[in-house]
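The residues making up each chain are set out below.
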Amino acid sequence: MKPTFIEKSKNKRLALIFDLYEKYGDDDYIGEPVSQIEHMCQSAQLAEKEGYDEEVILAAFFHDIGHLCVHLGSFESMNGYGIKSHEKIGGDFLRDMGFPERIAKLVENHVQAKRYLTFKNPAYFDKLSEASRKTLEFQGGKMNESEAKEFENDPLFEVSIKMRNWDELAKLENVPLPDLGVYRKIAERLIA
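Each value, and the rule that gives it
Residues numbered from 1 in each chain as written. Predicted model: local features only at pLDDT ≥ 70, side-chain atom pairs only at ≥ 80, totals over all residues. Heavy atoms only, no water. Helix = DSSP H or I, 4+ residues; strand = E, 2+ residues; numbered from the N terminus. Buried < 20%, exposed > 50% of the residue type's maximum accessible area, 1.4 Å probe, protein only. Contact = heavy atoms within 4.5 Å. Areas by Shrake-Rupley, 256 points an atom, 1.4 Å probe, with all protein chains shown as cover. Arc of directions from axis to C-beta. Core = buried A, V, L, I, M, F, W, Y, C linked by side-chain atoms within 4.5 Å. Polar contact = N/O pair within 3.5 Å; in protein donor to acceptor, adjacent residues only side chain to side chain.

Quick rundown of the overall build of the chain? Include the residues and the values.
Broken down by element type, the chain carries 11 helices and zero strands. Starting at the N terminus and walking to the C terminus, you meet the elements of the chain as α-α-α-α-α-α-α-α-α-α-α. Within the span of the chain, comprising 192 residues, buried residues form 51% of the whole. A separation of at least 24 residues holds for 71% of the contacts in the chain among residues at least 6 apart in sequence. As displayed, the chain has an accessible area near 9,200 Å², and 50% of this comes from carbon and sulfur atoms.

So what's going on with helix H8 (residues 130–138)? Which residues, and what values?
Taken as a whole, H8 has its buried residues at Ala131, Ser132, Thr135 and Leu136. For H8, the buried positions fall inside an angular range of 140° around the axis, keeping them on one side. Downstream of H8 by one or two residues, Gly140 has phi in the positive range, about 100°.

Outline the nonpolar core, supporting the account with residue identities and numerical values.
In terms of nonpolar packing, the biggest core is built from 39 residues, with Tyr21, Leu58, Phe61, Phe62, Phe99 and Tyr183 touching the most fellow members. Contributions of two or more residues to this core are made by helix H1 (10–24), helix H2 (36–49), helix H3 (54–62), helix H4 (65–68), helix H5 (86–97), helix H6 (101–120), helix H10 (157–169) and helix H11 (180–190). Examining the composition of this core, we find that seven residues originate from one element, H3, more than from any other. Aside from chain neighbours lying at most four places away, what touches Phe99 is Ile17, Leu58, Phe62, Leu94, Ala187, Leu190 and Ile191. Membership of the second largest hydrophobic core comes to 11 residues, among which are Ala113, Leu136, Phe151 and Ile161.

Tell me what's going on with the side chain of Asp167, and back it up with residues and numbers.
By the element assignment, Asp167 lies in helix H10. Reaching out from Asp167, the side chain makes a polar contact with the side chain of Arg164 at a distance of 3.1 Å.

So, to be careful, I would describe these as geometric facts and stop short of saying anything about function.
Below you can see the structure in the form of structure tokens.
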């Protein structure tokens, strides 16, 4: 059974979310050269640099929050490569927190975009890090043709592909962390 937090006040929900980042954000990012918080902040910074709106920026910041949710309950592991179905766990968590559906759906779609790109462009798989290749096995592997066509019809398809690209690029070492207060203010504006 998944936890539901929507009944908590807006400030308590925001505190819960940002406490996850503050307490566990320095955790290893499943075999990558950056921490969880470095990865998610870099993703958000890339979205911001490309001029996307606040919902997309926040979705990029939250895209791997499902990995942090392990500290809120019991979830199945991917043999040391994070939490199985972290995209769904993260999307559901954000819905429960009161965020717009677009943000939750983009968080869910970042894994679907990886599955799509490995189907559509076999060379994409060769560019994946070892950790990304391992997690792909747990995430259903590459899409088949009917899954790919369905995903292409998703209204968030284009921005989901962008999010996936940011996800792959957001693994640079020694990039200074931005002020998390910026993302908290965006979250405060967008949370119900």
